[in-house]
Amino acid sequence: MEFFNIIGKSFGSLVILFLVTKLIGRKQAGQLNLFDYIIGITIGSVASAMILDKDVKFLEGMAAVLVYGFSAYLISLITSKSIVCRRIIIGSPSVLIDNGRILYNSLKESKIDVNELLQEARNNGYFDISQIEYAIMEPNGRISFLLKSKYNQPTLKDMKIKADYQGLCSNLVIDGKIMHNNLKQINKDEKWLMKRLSNNGYTELDNIILVICDSKEKLTIFEKNLEVEKSEVLE
């Protein structure tokens, strides 16, 4: 009986947690500020306690989760309306490198050391810290870097080269299954796809992992092969 009681509580808590997550909004772990992080940990702890701890009543636990979730929702509304509240609750960006100079006091205030700064720079692809013009720690703890102008890669605009429109690629076949909604988005149908494939010797989809189509209707086919993966481009 206790086993089925735990299962019932687990499903109930999942439903409530899903609704609370929808209320708060979707954020990746790296986008969470300190307040969101605390709320997330607390909600998780309450949810696990009300499932496994017999002394915690299910309805009381659900009420606590809803209170925390609604509090997070209110805080998000307040911080979106007030800059002062946003700075107090969420925090504000901190400049760690200014005009190529590492600001030691800013590092201390942000509670990181030089080694961590160098690690974050390497994680972002910058292995020479002397090439960095600015480094800013965002409220979620991530560090944004700006290269010095002389180290920036030239763009096509800088070289006065006209680039063709790329657009987004559409996945038309995934693991042997046709993605009909994606076909509709590019104003094509299954008949058009199968004709393009059969004209190039592909009559079955079972041996195809992926088919993508670019803005110029060029298909790239990735075959399923146990020995070696193969891809082919159809103009």
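Read on for an overview of the structure. (Residues numbered from 1 in each chain as written. Predicted model: local features only at pLDDT ≥ 70, side-chain atom pairs only at ≥ 80, totals over all residues. Heavy atoms only, no water.)

As for the side chain of serine 170
Cut-off, in case you're wondering: Helix and strand assignments come from DSSP, with helices taken as H or I runs of at least 4 residues and strands as E runs of at least 2, each series counted from the N terminus. When checking whether two residues touch, look at their non-hydrogen atoms; a contact exists if any pair is within 4.5 Å.
Within the secondary structure, serine 170 sits in strand S5 (residues 170–174). Apart from the residues within four sequence positions on either side, serine 170 is in contact with Ile186, Val211, Ile212 and Cys213.

Digging into helix H6 (residues 114–123)
Put simply, the test is: Polar contact is the term for a pair of N or O atoms within 3.5 Å; when the atoms are in protein, one must be able to donate a hydrogen and the other to accept it, and sequence-neighboring residues count only if both atoms are side-chain atoms.
Two or three places before asparagine 115, at the start of H6, stands the capping residue aspartate 113, its side-chain oxygen 3.1 Å from that residue's backbone nitrogen. Downstream of H6 by a residue or two, glycine 125 has a phi angle that is positive, lying close to 90°.

Some words on the environment of isoleucine 129
Formally: Relative accessibility thresholds used throughout: buried, under 20% of the residue-type maximum; exposed, over 50%; partly exposed, between the two (1.4 Å probe, protein chains only).
Mapped onto the elements of the fold, isoleucine 129 is located in the loop between H6 and strand S3 (132–137). Owing to a relative accessible area of 22%, isoleucine 129 belongs among the partly exposed residues under this scheme. Those residues in contact with isoleucine 129 that sit more than four places away from it in its chain are Ile97, Leu118 and Ala121.

Quick notes on unusual backbone geometry
Positive phi values are uncommon outside glycine, yet asparagine 99 reaches one of about 55°. Backbone geometry at aspartate 175 places phi at a positive 50°, although glycine is not the residue there. You can see aspartate 175 is positioned in the loop between S5 and strand S6 (177–178). A relative accessible area of 46% means that aspartate 175 is categorised as partly exposed.

Some details on the pattern of salt bridges
So the rule is basically this: The salt bridge definition used is simple: a Lys or Arg side-chain nitrogen within 4 Å of an Asp or Glu carboxyl oxygen.
Tallied over the full model, the rule gives 1 salt bridge. A salt bridge links glutamate 217 to lysine 188; the nearest nitrogen and oxygen atoms lie 3.1 Å apart. One end of the pair, glutamate 217, is in the loop between strand S7 (208–213) and strand S8 (219–223); the other, lysine 188, is in the loop between helix H7 (180–185) and helix H8 (190–198), with 29 residues separating them in the sequence. A residue is classified by how much of its surface remains accessible, and glutamate 217, at 35% relative accessible area, is partly exposed. For lysine 188, a relative accessible area of 22% translates into the label partly exposed.

Quick notes on the sheet that holds strand S1 (residues 94–98)
Keep this limit in mind: The criterion for strand pairing is that DSSP finds at least two bridges linking the strands in question.
Taken in spatial order, the 4 strands line up as S2-S1-S3-S4 in an open sheet, and their pairing is antiparallel. Strands at the two margins of the open sheet, each flanked by one partner only, are strand S2 (101–102) and strand S4 (143–147). Judged from the 4 bridges that link them, S1 and S3 form a sheet pairing that is antiparallel. By the bridge assignment, serine 94 is partnered in S3 with methionine 137.

A word on the state of the cysteines
In protein structure, a disulfide is the covalent linkage between the sulfur atoms of two cysteines. Under the convention used in this document: What counts as a disulfide here is a pair of cysteine sulfur atoms lying within 2.5 Å.
Here the structure, examined in full by the defined rule, presents 0 disulfides. Note on cysteine 169: no disulfide assigned, nearest cysteine sulfur contributed by cysteine 213 at a separation of 7.8 Å. Residue cysteine 213 is classed as buried on the basis of its relative accessible area, which comes to 3%.

Concerning the pairing of S3
Note that S3 and S4 share 5 bridges and pair antiparallel. Looking at S4, one finds that isoleucine 132 is bridged to leucine 147. Between the antiparallel neighbours S3 and S4 lie 5 residues, among them glycine 141 with a positive phi of about 95°.

Observations regarding the nonpolar core
The line we're drawing: Joining through side-chain atoms within 4.5 Å is the link that ties buried Ala, Val, Leu, Ile, Met, Phe, Trp, Tyr and Cys residues into a set, and such a set is a nonpolar core.
Ranked by internal contacts, the top residues of the largest apolar core, which has 14 residues, are Leu172, Leu193, Val211 and Leu219. Broken down by secondary-structure element, the contributors of at least two residues to this core are S5, H8, S7 and S8. Counting residues in hydrophobic clusters, the runner-up holds 12 residues, among them Ile97, Leu107, Leu117 and Leu147.

Observations regarding the pairing of S5
The sheet contact formed by S5 and S7 spans 4 bridges and is antiparallel. In the sheet register, asparagine 171 faces S7, and the bridge partner there is isoleucine 212. One ladder, built from 2 bridges, connects S5 with S6; its direction is antiparallel. By the bridge assignment, valine 173 is partnered in S6 with isoleucine 178. Adjacent in sequence and paired antiparallel, S5 and S6 are bridged by 2 residues, among which aspartate 175 carries a positive phi angle near 50°.

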